[in-house]
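# Descriptive structure summary
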Amino acid sequence: MDASVPTEQGVACINGEFMPLTEARIPALDRGFIFGDGVYEVIPIYSRRPFRLEGHLQRLERSLDGIRLANPHTRAQWGNLIEELARRGPTEDQSLYLQVTRGVAKRDHAFPKDAQPTVFMMTNPLAVPEARLVSEGVSAVSAIDNRWLRCDLKTIALLPNVLLRQLAVDAGAAEVVLLRDGRLTEGSASNIFVVKNGVLLSPPKSNLILAGITYDVILELAQSGQIPCEVRAISEAEVRAADEVWLTSSTREVLAITKLDGKPIGEGRPGAVFKRMYALFQELKAGLRNPGPRAHA
Ligand SMILES: Cc1ncc(COP(=O)(O)O)c(C=O)c1O
């Protein structure tokens, strides 16, 4: 969430009970607080309708399976809770966050025997990137990806991502581009795409990156928009010599990275392929607001 958006407008839901976000309280012994023992999702809400809900719920299930926590809700129950929260939310477009933790229990690393999972949800106004960032691009710094080997799980234990993002913030940059064993993985809170000679490149899904919902949207739009693309390993040298580099996420959509470690990427401004993809993305969103025969949510 953008720090400039006031949390006073937020609405929360804890274990099915709705309340203003400022009144939401979780017990100190919740394993989410003590161990970071939980998983989460961030779902964009456009015109009070969740975007790519199925994809988010599928990924949530994968994350829950990955940490051996039973899903507390069916997909239909999740759908109802999310729709109700979006209905109560402060604005038409929202950023809806949900997390499931292993619940409240005496502090002990081992899984508690009889704890109930805690389901915390909140929704806040969605702050999409301002027009200047879209037209000028953002800068990034590179860093060694020192996270664990299950980056495919969307866990709330985000300290490594927090520390990596702060490297970017300290350098006055918007994101960190992560490299592991000389290959591109992703950003601290985004997927990274590269364009070379008109071809869109993205690292394959693996245990080393989060399978972004926006990542899928971008590849689908590339296909329908006839932008050639290749999903394959990308070397550090290829990132540095790219014509374009982009970051993608549910809240930042797609942004061009025009400077990496102080050096321009390509011509140092958002490229032609980015502009085309950005337009396709906005077209997709517009189609969701006015569902017609061409909308594909
Ligand atoms: C580490 C990481 N990678 C990628 C993404 C992008 O995922 P999505 O497009 O589903 O928002 C995120 C989103 O927060 C993330 O935290």
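See the structure above.
Remember, predicted model here, so these are calculated numbers, not experimental data. (Residues numbered from 1 in each chain as written. Predicted model: local features only at pLDDT ≥ 70, side-chain atom pairs only at ≥ 80, totals over all residues. Heavy atoms only, no water.)

## Side note on helix H5 (residues 159-170)
- When the terminal C-alpha atoms of H5 are compared, their 16 Å separation across 12 residues agrees well with the 16 Å that a helix rising 1.5 Å per residue should span.
- All of the buried residues along H5 are Asn161, Leu164 and Ala168. The buried residues of H5 all sit within an arc of 70° when viewed along its axis, so they share a single face. Opposite the buried face of H5, at more than 90 degrees from it, the exposed residues are Leu159, Leu163 and Asp170.
- Backbone geometry just after H5 places Gly172 at a positive phi near 70°. (Helix = DSSP H or I, 4+ residues; strand = E, 2+ residues; numbered from the N terminus. Expected span 1.5 Å × (residues − 1). Buried < 20%, exposed > 50% of the residue type's maximum accessible area, 1.4 Å probe, protein only. Arc of directions from axis to C-beta.)

## Focus: the packing of helix H2 (residues 53-66) against helix H3 (residues 75-88)
- Running from N to C, H2 and H3 cross one another at 120°; their axes reach a closest spacing of 11 Å. If you check the angle between H2 and H3, you find them oblique. Seen from above, H2 lies across H3 with right-handed handedness. Facing Leu53, Glu54, Leu57, Gln58, Leu60 and Glu61 of H2, the residues of H3 in contact are Arg75, Trp78, Gly79 and Ile82.
- Among the residues forming the contact of H2 with H3, the class breakdown is five nonpolar, two polar and three charged. (Axes fitted to C-alpha atoms, helices over the stretch in contact; angles between N-to-C directions. Parallel < 35°, antiparallel > 145°, perpendicular 65-115°, else oblique. Left-handed = near helix turned anticlockwise from the far one by under 90°. Contact = heavy atoms within 4.5 Å. Nonpolar A, V, L, I, M, F, W, Y, C, P; charged D, E, K, R; others polar.)

## Topic: the site of the ligand
- As a structural note, the neighbourhood of the ligand is formed by 18 residues, with Arg59, Glu186, Ile213, Thr214 and Ser250 the closest of them.
- In this structure, an oxygen atom belonging to the ligand sits 3.3 Å away from a side-chain N or O atom of Lys154.
- At 2.7 Å, a side-chain N or O of Glu186 approaches a nitrogen atom of the ligand.
- Here the ligand loses 92% of its free accessible area of 390 Å² to cover by the protein chains.
- Looking at the shell around the ligand, the elements with two or more residues in it are strand E9 (183-187), helix H6 (213-224) and strand E13 (244-249).
- When the residues that make up the shell around the ligand are grouped by side-chain class, the tally is four nonpolar, 10 polar and four charged. (Near = heavy atom within 4 Å. Polar contact = N/O pair within 3.5 Å; in protein donor to acceptor, adjacent residues only side chain to side chain. Areas by Shrake-Rupley, 256 points an atom, 1.4 Å probe, with all protein chains shown as cover.)

## Here we look at the side chain of Thr123
- Relative to the helices and strands, Thr123 is located in strand E6 (residues 118-125).
- Given the relative accessible area of 0%, Thr123 is considered buried.

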